[in-house]
Structures are given as structure tokens and as C-alpha cells.
Amino acid sequence: MLRITNLCALLLAATLVCAAKKKEEPEEPPETLVPLRTHSIYAPYVDQDLQNRWFDFGGEAYVNTNKHIRLTQDRQSETGWLWSRLPLTPSNYQIDIEFKVWDLHSFDVNTRPRLLMERESHEQISGGSGHLFGDGMAIWLTKTRAEYGPVFGSKDNFEGVGIFLDTYANARHSYSFPRIMAMIGDGRTSYDLGSDGEKNSAGACSASVRRNDIKTMIRIRYKKDKGLEVLLQYKGWDEWTPCFELKNLTLPTMPYLGVTAITGEVHDAHDVISIASNSIVLNPPNLQMDESIKTGRKSPFGASKDGEGSWFGTLFKLILLGGVVAAAYQAYVKFFLKGMNKRF
């Protein structure tokens, strides 16, 4: 009988531990994605007046209505930008951006247009950048918009977050390039260009996002007071590779969305193919009500709003089951002993 009592005690302790873990690590509520037309853009990008209702573009950026918005061509000293006209109003959102970073050397020699081959010959003669490429592009979620500056074509001392796709290393590092890095701007801190922002990095990863044969995409997921997560698609279609996650991050309310790019002595073409933005709607878990709750009576073991009632109900049932098992075992032992006494 002592063993049964110990077993019941262990069962009770295990149940309480499981209940505590369940309460400490609540499951993420299911979510629904609601498209944000005001912060999405696809081909043909512009209307009949060669404008877009929701986005501005400028600098050296130009639109190929069948293919892309080219922020910079594969030329030296170019800057281009694409900014939303309106700020993002949802508290939680997901942004998918398809982009392409490439250079003229990406073409096969036999298929290059004659003009491009002539340009390559000129670069070789004049000591051009050759196989070097850069500088990169950036994605912005900031309080202000469309302000030119030295940080991948946008202003320094920004307030918000900048996610940099840096393709050229200005210094020696232990990691490889291209490098995807996030900087949290407080409006006072400058980007350290000499170290490629290493001192400003809040999260980063290295990934081969340049000259890919598949659709190269970046996904930014932000949930207010929870954090920001960045994932990349560059290895295979619909294969999202986590890059980094910034927990307990709160961005400025109603930030503007922007994409900028810059070239210097080294250069690349930087294209935006599409932007798909969605509001993340967090759905509360479905509450399961028993008959007593449906009829207006509270049950001491029914499911409560935070799920504690269901755990206590389960705990009560387990204790009750343990008691029944213990009583049955005790009755069996008494019956067995009584039968043995009759024999002797």
C-alpha cells in the first residue's frame, strides 16, 4: 500500500511540473496574413501616367514594366531608391521582397550583347573594377522617408531599423560576403562604413544572395514587443533559411518602408522584382466550453480563458484515477489474503 501511495505522489508531482511548463511556455497563437495593397508592388509597377499610387522611386532608379525596378545599373557611382508613400499602420506585419543583384559578367560570353562586350573590353583597358562588385542595397523601416545619404543611398543617423545586403567588404572579417546585417537606429548613432557596420550589428548572417538562378527573396517578420525575424530564400524554391532574429524589439510606430541601393568604384545592378506586404493578425485560441458553461453555470473543472481550468480538471481526474486504482488494489489484496486464510 505504501508503494501505491508513493506512486500517486509521483504522479501528482509530474502533473504539476507539466502544468508549470505549459504555463511558462505558451504556444504561439495561430495567425492570418492579410495583404497590404498600400505596401505591395508588382509588375508593371506603374499606371498609364507612369506613376505608382503607393510608391515613389528616384535617383538613378528606372522601371522596366515587364521585369523589375532597377535601383542602380551596373555602373559606378549610382544611387537609387524606392519608398512607400504611406507608413505601415499594422502592429504586426510580414514583408517579402524579391530582388536580384548581378553584374554584366553574369552573362555567358556567347550570349552577351555586343555593346556589353565592348564595355568589358574598355574596363579591362582602363583598369576597371573587373570581377569586383558592390556596394549593396538596404531595406528600411524608419520614421522618415526618401532622404539621400551615405548609408546604401539613404540618410545616416536614422531612427528605426535598416537591413543591409552588403556585397563588398571594406575591411577584413572572419566571415564571408555577401553579408546581411541589421542595425537599430536611434537617430544619433552613425553607421560605421569603415568596418562594414560590424560595430552597429544587431544581427547578421552570410548568404550567397548574389547571381542566383532561383528567385532570391528576403522575408521580414515583425511582431510588436516580440521582435523581428529575417529569413532568406536563395537555396531552393520555398526553402526559407533563417538569417537572424532580434527578440524584444520595438520599432517606431507607423514606419515607412524603403529599398535603396548604391554603387561606388565597384558596381552591380540592383533590382527589385516585387514586394508583398501582409498584416499579421494573431487569432486567439478557440475556447472549448462544456455544457455547464454553455448554460451559464461555471464548472470548477471547465476550461478557463488562460487554460488553467483545463489543467486542474485533468489533474483532478488523474488523482481520482489513482485513488480508484489504489482502492482496487487494496480490495484485491484483502480478497487474496482472505482466500489464503480459508485454505489454512
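Refer to the preceding data block for the structure.
Values in this document were obtained by computation on a predicted structure and should not be read as measured data.

## What about the pattern of salt bridges?
Pairing is possible between side chains of opposite charge, provided their charged atoms come close.
Working step 1: Scanning all chains against the criterion turns up 12 salt bridges.
Working step 2: Ionic pairing is found between R211 and D103, a salt bridge with its closest N-O pair at 3.6 Å. Placement of the pair is R211 in the loop between β10 (201–206) and β11 (216–223) and D103 in the loop between β6 (92–102) and α2 (114–126), with a sequence separation of 108 residues.
Working step 3: Overall, R211 belongs to the partly exposed group, its relative accessible area being 43%.
Working step 4: When salt bridges with common partners are traced through the structure, they connect D103, R210, R211 and D268 into a single cluster.

## A short note on unusual backbone geometry
It is generally the case that most residues other than glycine have a negative phi and that most peptide bonds are trans.
Working step 1: Cis peptide bonds are those with omega within 30 degrees of zero, and the linkage from A43 to P44 qualifies with 10 degrees.
Working step 2: The topology assignment puts P44 in the loop between β1 (31–35) and β2 (55–59).
Working step 3: The omega angle of the peptide bond from F177 to P178 is 5 degrees, so this bond is cis rather than trans.
Working step 4: Within the secondary structure layout, P178 lies in the loop between β8 (159–166) and β9 (179–186).
Working step 5: In this structure, R211 is a non-glycine residue whose phi angle is positive, near 55 degrees.

## Observations concerning the sheet that holds strand β5 (residues 79–84)
Working step 1: The antiparallel open sheet is built from 7 strands, whose spatial order is β2-β5-β14-β7-β8-β9-β10. Two strands lie at the open edges of the sheet, namely β2 and β10, each paired on one side alone. Here the strands of the sheet are splayed against their neighbours by 15 degrees on average, with no regard to which way each runs.
Working step 2: Relative to strand β14 (residues 256–262), β5 runs antiparallel, the two being bridged by 5 bridges. The partner of L82 across the bridge, within β14, is V259.

Calculation notes
Residues numbered from 1 in each chain as written. Predicted model: local features only at pLDDT ≥ 70, side-chain atom pairs only at ≥ 80, totals over all residues. Heavy atoms only, no water. Salt bridge = Lys/Arg side-chain N within 4 Å of Asp/Glu carboxyl O. Helix = DSSP H or I, 4+ residues; strand = E, 2+ residues; numbered from the N terminus. Buried < 20%, exposed > 50% of the residue type's maximum accessible area, 1.4 Å probe, protein only. Pairing = 2+ DSSP bridges. Axes fitted to C-alpha atoms, helices over the stretch in contact; angles between N-to-C directions.

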